[in-house]
Amino acid sequence: MDRKPIVEVRDLVGGYGGHLVLDRISLDVYEGEIVVVIGGSGCGKSTLLKNMLGLLRPVSGSIRYWGQEITTMDEEELALLLQRLGIAFQSGALFNSMTVGENIALPMEEYGRMDPALREILVGIKLDLVGLSGTAGLMPDELSGGMKKRVGFARAIAVDPRIVFFDEPSTSLDPIIAAGLDKLILDMRRLLGITVFVVTHDLASIRLIADRIVMLDRGRVIFTGTVADVERTGVPRVRQFFDRQPDKTIEARGVRTP
Amino acid sequence: MASAQESTQPRRTVIALPGELPDSGGARLLEEISAAISSGARAIELDLSGLKRLDSRGGAWLIRAVRTARAAGARVDLSGARGEAAELIELLAGSFEAPRASARPAAGLMEAVGQKAFGAWREFGDAWRLTVDAAYWSFIAPFEGRGLRWKALLTELDDAGVRAIGIVSLLNFLLGLVIAMLSAAQASTFGVQIYVASLVVMGFARELAAIMTGIVVSARTGSAIAAELATMKVYEEIDALKGMGLSVAKFLIAPKVIAVLIAVPILTAIGFVMGVAGGFVLNAISLGFTFDRWWEQTLQAAAVRDLLQGGVKAVCFAVIIVMVGCHNGLRVTGGVRGVGMATTRAVVMDVFLIVVADLFFTTVFYYFL
């Protein structure tokens, strides 16, 4: 593996309004690896993701993709960079007024000219990959929640992005489909060389796909390592997470609006 | 000559693929296949042993090439794929078959008309049931001790009534100016400008205050009601209410019905005063009667019958606005897009029904009362 990281996050401090959620986060993502960010609810996972995608501007710190700093980019430069990334949102975030096929074709159309016949085939391919062949003509509200989510994945990988971000991919999917998704992530990495950044707390999925695990707690990185490292670690919060132990008392964890 | 040449052509053609398949390579592959088929090849072998890397776009070109050949009736075999390219092709195996058409049969003319008529009848039924439900929870249930959400009522009154006072006043005032100007132009040819005062007060009492206020409230509150309920439906909040065994009519609709029924007549009264004031301002600027003379004429022209007509219309418009808004909001389907359509539909239906109701009442008062 090339040891030069393609994403570097350094001392990131961020949050919403005056409320800081991320406390000097640093992490690297290397080409072709699957990084999984875990942590309890409200630990700052989603905020981290939003900062990394430029949807939120950090208070301080730096985020670089291929050496380019995004925190100081203007909208246009950022948009250009985001076109090389794919994002699968938690609930699918499909455009309600377009068919499934049009949703997936949208980035293909917008990012550059493509022959319509080829585009149609590509849409079919992406739908096949997520196990939804033949649904291109349906409207999003004709799909179940899990199907919408999978169409969201298909849209995220529509233009063969270099990095794909998944926000809680297996939440609300049945175990069979969740396992299919894990396989899809592994296949994409292996066959297409895509780098994957996943935010999740699905233990089974983490054990299966993660090359490296980054655990957040109260806005800080408290652990970084492989699945094997997790089994050996003595960091109590990590142990508690992987052993599924409840808190002794339910502490106030702070309510955070996404 | 031609047939002799055809028979000498090979029936089987082998096309070797390059190491990668970017757009240019894909287009060339497609050309080669078309050329092979037009020169009579019935079987094509795609030799993939040279293919080192394949991304999904390259895969799409390959699929397109295979589908093109198969559509022309040729057999296509893929051979020699290795490594990751082979695995990707394996993964995409399903896509090599042309997709089945899954179009829904279009309805015939009679069927379409029938469906429309049936749909309209059903919609009317839904609206009627909703209105009965709303009437019960607004005017009967509170007196049976089944409660009313007072806090929600106050919020709705503020939204639909208090916040609309400014715009309703302004628009009626401006309309008063316009009507006075229009009629002054006519009246001055007969030297009866003082009757402009009568016309303004009569016009606003019977008609204009109610219509103008109705349209403003429809645009402000009718659309808001439709959008709010539609969004709640889309996000399953309505289902949540029903699921908890609570009445949608009691929780969401009754406060709106009562609030709009209180707000619209009061706003209409305010609009009436402002319209008459607009007429007076024109007099002050250009007609030149004293205030006393104008006021005397206004009082003379104002009749309880006219005010009653405006009042009846205002109440009727209020019912139309709130029920059309609720009905359209609750019948939304199709997610976020449906919300926009429900809102549009509510406002258009409001304006239409307001004008129809206005015509009805004006006719009744003109001929029968």
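Parameters at a glance
- Residues numbered from 1 in each chain as written.
- Chains lettered and ligands numbered in written order.
- Predicted model: local features only at pLDDT ≥ 70, side-chain atom pairs only at ≥ 80, totals over all residues.
- Heavy atoms only, no water.
- Helix = DSSP H or I, 4+ residues; strand = E, 2+ residues; numbered from the N terminus.
- Rg over C-alpha atoms; globule rule 2.2 N^0.38 Å.
- Buried < 20%, exposed > 50% of the residue type's maximum accessible area, 1.4 Å probe, protein only.
- Contact = heavy atoms within 4.5 Å.
- Areas by Shrake-Rupley, 256 points an atom, 1.4 Å probe, with all protein chains shown as cover.
- Lys, Arg positive; Asp, Glu negative; His and termini not counted.
- Charge placed at Lys NZ, Arg CZ, Asp CG, Glu CD.
- Buried area = accessible area lost by both parts, 1.4 Å probe.
- Salt bridge = Lys/Arg side-chain N within 4 Å of Asp/Glu carboxyl O.
- Polar contact = N/O pair within 3.5 Å; in protein donor to acceptor, adjacent residues only side chain to side chain.
- Pairing = 2+ DSSP bridges.
- Axes fitted to C-alpha atoms, helices over the stretch in contact; angles between N-to-C directions.
- Phe/Tyr/Trp six-rings, centres within 6.5 Å; stacked < 30°, edge-to-face > 60°.
- Core = buried A, V, L, I, M, F, W, Y, C linked by side-chain atoms within 4.5 Å.
- Patch = residues over 30% accessible without salt bridge, like charges linked within 9 Å, V, L, I, M, F, W, Y side chains within 5 Å.
- Left-handed = near helix turned anticlockwise from the far one by under 90°.
- Nonpolar A, V, L, I, M, F, W, Y, C, P; charged D, E, K, R; others polar.
- Expected span 1.5 Å × (residues − 1).
- pLDDT = per-residue confidence, 0-100.

K.L.:
Describe in detail the overall build of chain A, supporting the description with residues and values.
P.N.:
For chain A, the helix and strand inventory stands at 9 helices and 10 strands. Since a compact globule built from 258 residues should have a radius of gyration of about 18 Å, the 18 Å found for chain A is in line with a globular shape. Expressed along its principal axes, the backbone C-alpha trace of chain A runs to roughly 55 × 40 × 40 Å. Counting the 258 residues in chain A, one finds 52% classified as buried. Of all intrachain contacts in chain A linking residues separated by at least 6 positions in sequence, the fraction that spans at least 24 positions is 63%. Of the roughly 11600 Å² that chain A leaves accessible, carbon and sulfur atoms contribute 54%. The average position of the 31 basic charges and that of the 34 acidic charges among the side chains of chain A differ by 6 Å.

K.L.:
Tell me about the interface of chain B and chain A, and name the residues and values.
P.N.:
Of the residues lining the interface, 23 residues belong to chain B; the matching set on chain A comes to 23 residues. Across the chain B/chain A interface, buried area totals approximately 2000 Å², and carbon plus sulfur atoms make up 59% of it. For the interface between chain B and chain A, the tally reads 2 salt bridges. In this assembly, chain B and chain A are joined by 6 residue pairs in polar contact (both at pLDDT 80 or more). Those elements giving two or more residues to the side of chain B that touches chain A turn out to be α3 (56–71), α4 (83–91) and α13 (335–368) of chain B.

K.L.:
Give me the lowdown on the sheet that holds strand β7 (residues 163–167) of chain A, citing residues and values where you can.
P.N.:
Residue and element names in this part refer to chain A. Taking strand neighbours across the sheet as the criterion, the 6 strands line up as β6-β7-β8-β3-β9-β10 in an open arrangement whose pairing is mixed. Lying at the two open borders of the sheet, with one neighbouring strand each, are β6 (85–88) and β10 (220–225). Direction aside, the axes of adjacent strands within the sheet are offset by 15° on average. Where strand β3 (residues 34–38) meets strand β9 (residues 212–217), 4 bridges bridge the pair, whose relative direction is parallel. Looking at β9, one finds that Val 37 is bridged to Val 214. The sheet contacts of helix α1 (residues 45–52) involve β3, β7, β8 (195–199) and β9, and relative to β8 the element is tilted by about 145°. On top of the sheet, helix α6 (residues 175–192) reaches β3, β7 and β8; it is set at about 140° to β3, its chief contact.

K.L.:
Requested: an account of the packing of aromatic side chains, with residues and values cited.
P.N.:
Working definition: an aromatic ring pair is given by the centre-to-centre distance plus the angle between the planes. All names here are of chain B. Applying the stated criterion across every chain yields a total of 13 aromatic pairs over all chains. A centroid spacing of 6.2 Å and a plane angle of 25° characterise the contact between Trp 121 and Phe 124, whose relative ring orientation is stacked. Taken together, the residues span about one helical turn, with Trp 121 and Phe 124 both in helix α5 (residues 109–140) at a distance of 3 residues. In terms of burial, Trp 121 and Phe 124 fall into one category: exposed.

K.L.:
Let's hear about the pairing of β3 of chain A: which residues, and what values?
P.N.:
Along β3 of chain A, 5 of the 5 residues are buried, which leaves the element largely enclosed by surrounding structure. Both faces of β3 of chain A are covered, namely the face carrying Ile 34, Val 36 and Ile 38 of chain A and the face carrying Val 35 and Val 37 of chain A.

K.L.:
Break down helix α3 (residues 100–110) of chain A for me, citing the residues and quoting the values.
P.N.:
All of the buried residues along α3 of chain A are Val 100, Gly 101, Asn 103, Ile 104, Ala 105, Pro 107 and Met 108 of chain A. Residue Gly 112 of chain A follows α3 of chain A closely and has a positive phi angle near 160°.

K.L.:
Describe the nonpolar core, and please don't skip the residues or the numbers.
P.N.:
All names here are of chain B. The biggest cluster of nonpolar side chains holds 79 residues, and the ones touching the most others in it are Ile 44, Leu 46 and Leu 62. Sequence-distant contacts of Leu 46, defined by excluding residues within four places in its chain, comprise Ile 15, Leu 17, Leu 29, Ile 33, Leu 62, Val 66, Val 76, Asp 77, Leu 78 and Ser 79. Residues Ala 134, Val 257, Leu 261 and Ala 346 belong to the second largest nonpolar core, which totals 37 residues.

K.L.:
Could you give an account of a negative patch on the surface, with specific residues and numbers?
P.N.:
All names here are of chain A. The grouping of Asp 74, Glu 75, Glu 76 and Glu 77 at the surface amounts to a negative patch. Within the secondary structure, Asp 74 sits in the loop between β5 (68–69) and α2 (75–82). The exposure class of Asp 74 is partly exposed, given its relative accessible area of 43%.

K.L.:
Go over the packing of helix α6 (residues 150–160) of chain B against helix α10 (residues 248–287) of chain B, please, and point to the residues and values.
P.N.:
All names here are of chain B. At a minimum axis separation of 8 Å, α6 and α10 run at an interaxial angle of 35°. As for the relative orientation of α6 and α10, their crossing is right-handed in sense. Contacts from Ala 152, Leu 153, Glu 156, Leu 157 and Ala 160 of α6 reach α10 at Pro 255, Lys 256, Ile 258, Ala 259, Val 260, Ile 262, Ala 263 and Leu 267. A breakdown of the residues in the contact of α6 with α10 according to their chemical character gives 11 nonpolar, no polar and 2 charged.

K.L.:
Tell me about α6 of chain A, and please be specific about residues and values.
P.N.:
Residue and element names in this part refer to chain A. Look at α6: 25 Å from first C-alpha to last across 18 residues, which is about the 26 Å you get at 1.5 Å a residue. For α6, the complete set of buried residues consists of Ala 178, Leu 181, Asp 182, Leu 184, Ile 185, Asp 187, Met 188, Leu 191 and Leu 192. Its side-chain oxygen at 2.9 Å from the backbone nitrogen of Ile 176, Asp 174 defines the N-terminal cap of α6.

K.L.:
If you had to explain the environment of Val 248 of chain B to someone new, which residues and values would you point to?
P.N.:
All names here are of chain B. Checked against the element boundaries, Val 248 lands in helix α10. Overall, the relative accessible area of 10% leaves Val 248 in the buried class. Spatially, the C-alpha atoms of Val 248 and Lys 233 are 11 Å apart, while their sequence positions differ by 15 residues.

K.L.:
I'd like a rundown of the confidence of the model for chain B, residues and numbers included.
P.N.:
All names here are of chain B. Mean pLDDT for chain B: 87, with 95% of residues reaching 70 or above. Here residues 1–8 scores under 50 on pLDDT; set against residues more than four positions off or in separate chains, the count is 0 contacts. Both confidence scores are given for the complex: pTM 0.72, ipTM 0.73.

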